[in-house]
Every structure is written in C-alpha cells, then in structure tokens.
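# A structural walkthrough
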Amino acid sequence: MLMFNKAMYIFAGLIAGEITGGAVFNLLPMDPSSAGGRDGRLMLMGFCAVIGAVAMYTMGERVWMLATAVVGSWYATLSFVEIVLVPGDTRYEDFIRHGPNLALAVDHPYTTLAETLTNPFLRGPLCLFVLLAVVGVQTQKTLWASSRKRSVTGKGQGQGKHAQKPASTGAQAAVMI
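To start, this report covers the structure provided alongside it. Since we're looking at a predicted model, the values are computed, not measured.

## Things to note about the pattern of salt bridges
Using the criterion set out here, one finds one salt bridge in the structure. The closest approach of N and O atoms between R91 and D89, which form a salt bridge, is 3.0 Å. You can call R91 partly exposed: its relative accessible area is 48%.

This is the structure we're talking about:
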C-alpha cells in the first residue's frame, strides 16, 4: 500500500508542478509565440514538475493533509456563506465575489491587506476559513499519528489491551467441559 501512495503522490506532484510551471510562465514578461518562449515554457514546466514530484515523494502525507484541509475548509466556508449568511445579509456576497488580484497584491501588498482586513464581510468568513483549516490539519495529524502507531504494533498483535487471545484446540475444549 505504501508504494501505491508514493506513486499517487509522485503523479499528483507532476501534475501540480506542471500547472504551477505554466502559471509562473504566464507571469513572466516573455513572448510565448517565439521559439525561445515555447522552449522556455516547456523547460519551466518540466522543472516545476520534477520539483513537485520530488516534494510530493518526500513530503506526500503532510502535503496531502494540508491540501485536503485547506480545500475542504474553503468549500465549507464558501457553502456556509452562500447558504446561511447571504440570505440574511447580501453584503456577504463580497466574500463570494472577492478574488485575488495578483498584480495589485504584488505592487501594493499593504493596501490589499488593509482592504481585506477592514471589510467585516470579508474578514469574518476568512477567519472562519483559517479556523477550519487549522482544525482540519490538527485533526488529520492526530488521526495519522494514531494510525501509524497502530501499524507499528502490528494491528492488535502486540502486548497491549488489544492483544489477541490464542485459539483453543479441540483437546483443551474437551477438558474444559
């Protein structure tokens, strides 16, 4: 099972690295239609894919826990805002419509941060998102540690309270009667 997990993590790292390489290339001031631009894009995507695969191979479990906690908390928060808060106050739609403007965030990071933190209709759901993400990561770490502890003891074969009793033979059963 461990090899299947590692292979899955390597594959996910390759895909994520390729997507990241393409996104980073789009941020660079290069002409993608030129021959050098196409080669540069492919080299960057390949480099990021290899880096992603190595990172996922070495830290796959922890990255997977973090990614699932963040994505799960994002969708839980978004659903909560859409289902519960927006019908009560339409100003919470700011959270749904708010998207990151990368150019503005890079040029004026303090302005972007101040805008986000001073708007209570963005700040409240963002605090819920961070809280759910932290709780999700901690819960997954606890469950992962307990499953690792169980697998080390041999799934009930150890000397603890879950140790299996030896099976009685037919002769021992006859003596007991």
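Don't stop here, the text continues.
## Side note on the nonpolar core
Ranked by size, the top nonpolar core spans seven residues in total: L78, V81, V86, Y92, F95, F121 and L122. Examining the composition of this core, we find that three residues originate from one element, helix α2 (residues 35-88), more than from any other. The residues contacting V86, other than those within four sequence positions of it, are V81, Y92, E93 and I96.

## Some details on the side chain of T116
The topology assignment puts T116 in helix α5 (residues 109-118). On the accessibility criterion, T116 (14% relative accessible area) is buried. When residues no more than four places from it in sequence are discounted, the contact partners of T116 are H98, L122, R123 and L126.

## Some points on a nonpolar patch on the surface
Together, F11, L14, I15 and I19 make up a nonpolar patch on the protein surface, roughly 390 Å² of accessible area in all. Mapped onto the elements of the fold, I19 is located in helix α1 (residues 2-27). Residue classification places I19 among the exposed positions, given a relative accessible area of 58%.

Reading the values: rules and limits
Residues numbered from 1 in each chain as written. Predicted model: local features only at pLDDT ≥ 70, side-chain atom pairs only at ≥ 80, totals over all residues. Heavy atoms only, no water. Salt bridge = Lys/Arg side-chain N within 4 Å of Asp/Glu carboxyl O. Buried < 20%, exposed > 50% of the residue type's maximum accessible area, 1.4 Å probe, protein only. Core = buried A, V, L, I, M, F, W, Y, C linked by side-chain atoms within 4.5 Å. Helix = DSSP H or I, 4+ residues; strand = E, 2+ residues; numbered from the N terminus. Contact = heavy atoms within 4.5 Å. Patch = residues over 30% accessible without salt bridge, like charges linked within 9 Å, V, L, I, M, F, W, Y side chains within 5 Å. Areas by Shrake-Rupley, 256 points an atom, 1.4 Å probe, with all protein chains shown as cover.

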